[in-house]
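A structural walkthrough
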Amino acid sequence: MEEKKKRIFSGIQPSGELTLGSYMGAIKNWVDLQDDYDCLYCIVDMHAITVRQDPATLRRRSVNQLAQYIACGLDPQKNIMFIQSHVPQHAELGWVLGCYTQFGELSRMTHADNITSGLFTYPVLMAADILLYQTDLVPVGEDQKQHVELCRDIAQRFNGVYGDTFTLPEPFIPKMGARVMSLGDPTSKMSKSDPDGCVYMMDKPEDIMRKFKRAVTDCDACVKFDKENKPGISNLLSIYCAATGKTVAEAEFEFAGQGYGIFKPAVGESVVELLRPIREESERIMADKAYLEGIYKEGASRAQYLANKTLSRVYRKIGFAAR
Ligand code: TRP
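Residues numbered from 1 in each chain as written. Predicted model: local features only at pLDDT ≥ 70, side-chain atom pairs only at ≥ 80, totals over all residues. Heavy atoms only, no water.

Before going further, it helps to examine the overall build of the chain. Scanning the chain from terminus to terminus reveals 13 helices and 5 strands. In terms of overall size, the chain behaves like a compact globule, its C-alpha atoms giving a radius of gyration of 21 Å where 323 residues would be expected to give roughly 20 Å. In terms of principal-axis extent, the alpha carbons of the chain reach across some 75 × 50 × 45 Å. For the chain, with 323 residues in total, the buried portion stands at 50%. Excluding contacts between residues fewer than 6 apart, the proportion of contacts in the chain whose partners are at least 24 apart in sequence is 76%. Roughly 15800 Å² of accessible area belongs to the chain as shown, and the carbon and sulfur atoms make up 53% of that amount. Mean positive and mean negative side-chain charge positions of the chain (39 and 42 charges, respectively) differ by 4 Å. (Helix = DSSP H or I, 4+ residues; strand = E, 2+ residues; numbered from the N terminus. Rg over C-alpha atoms; globule rule 2.2 N^0.38 Å. Buried < 20%, exposed > 50% of the residue type's maximum accessible area, 1.4 Å probe, protein only. Contact = heavy atoms within 4.5 Å. Areas by Shrake-Rupley, 256 points an atom, 1.4 Å probe, with all protein chains shown as cover. Lys, Arg positive; Asp, Glu negative; His and termini not counted. Charge placed at Lys NZ, Arg CZ, Asp CG, Glu CD.)

Take a look at the structure:
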């Protein structure tokens, strides 16, 4: 008999346009996982409103993000792809889990001073996302690991009181997860909120080329991977290798003695060619609103079916009267 596939859940907030970092650091890995795992890929709009959003922009981005997931190669037949707010069980389980989370645990999460209670309890909603689906593995970046750990703690506590209810999830940091750094400041992560250091998935070729030609480097004009001393060049090398499939050694050899005036546009070209088909396909899918609606409705209904199984067990165990 065929072994049961492990379940994966991950999501990205529609709080900004998707970037080259979203693709190389997350979505590309999701595509590689879709055949071997049972995957749910979510557009976490409820997380996005922990920071003020413009309503029309949020609405547009949530749906466009789905188009971009598909254009990157995520197959809506193989994966459950949906918008978080379409599955109200996330909010419902989030409330319950909040009653099993200590204030102190949330205070220890790194965040700014002046925050809403929604932002403060954000890790609880994330735990609900994960636990609703009996998730085994959660592909996330290094910065999100603490949230998956907290999710495990909450699940363990709940299971301890009520007996096995939730699968304990593990963070799943992929080996080849290229962490793409800002082109303007290669010591910080490429961020949607830094338009100059950031390449967006939907950027036009000329914008991509301009951003790469302006990328911060250093003054020794040698294309060599050295994260400590040459963060800019190392970042460009990582991007080039992720875009072309070449190894760092191959890339260093290719640009030996060539200077940054040749290297930077070459990296730009490799990204233009990587993103071109994705952008074109996204544009095509974004124009087909009926198709997208079909996908997200189907995704939400498949997700709800699974979510309800967990939520009704939870409600029974904690003593809510049957409906
Ligand atoms: N917090 C994640 C981020 O900002 C997004 C997220 C929300 C998520 N729920 C999740 C990621 C569940 C993985 C699993 O990047």
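Turning our attention to the packing of aromatic side chains. Scanning the model with the defined rule gives 14 aromatic pairs in all. With centroids separated by 5.1 Å and ring planes inclined at 65°, the aromatic side chains of Tyr 100 and Phe 158 adopt a geometry described as edge-to-face. In this pair, Tyr 100 sits in the loop between helix H4 (89–98) and helix H5 (103–107) while Phe 158 sits in helix H8 (residues 145–162), placing the two residues 58 residues apart along the sequence. The pair Tyr 100 / Phe 158 is uniform in exposure class, with both members buried. Pairing Phe 158 with Tyr 162 gives two aromatic rings, centres 4.6 Å apart and planes at 35°, and the pair type is tilted. Here the residue Phe 158 and the residue Tyr 162 both occupy positions in helix H8, the gap between them amounting to 4 residues, near one helical turn. Assessed through its relative accessible area of 0%, Phe 158 is described here as buried. (Phe/Tyr/Trp six-rings, centres within 6.5 Å; stacked < 30°, edge-to-face > 60°.)

Glancing now at the packing of H4 against helix H7 (residues 122–131). Contact pair H4 / H7: the axes reach a minimum separation of 8 Å and the direction vectors enclose 120°. With respect to H7, the element H4 is oriented oblique. The element H4 and its partner H7 pack so that their crossing is right-handed. Mapping the contact onto sequence places His 90, Leu 93, Gly 94, Leu 97 and Gly 98 in H4 and Val 124, Leu 125, Ala 127, Ala 128, Asp 129 and Leu 131 in H7. (Axes fitted to C-alpha atoms, helices over the stretch in contact; angles between N-to-C directions. Parallel < 35°, antiparallel > 145°, perpendicular 65-115°, else oblique. Left-handed = near helix turned anticlockwise from the far one by under 90°.)

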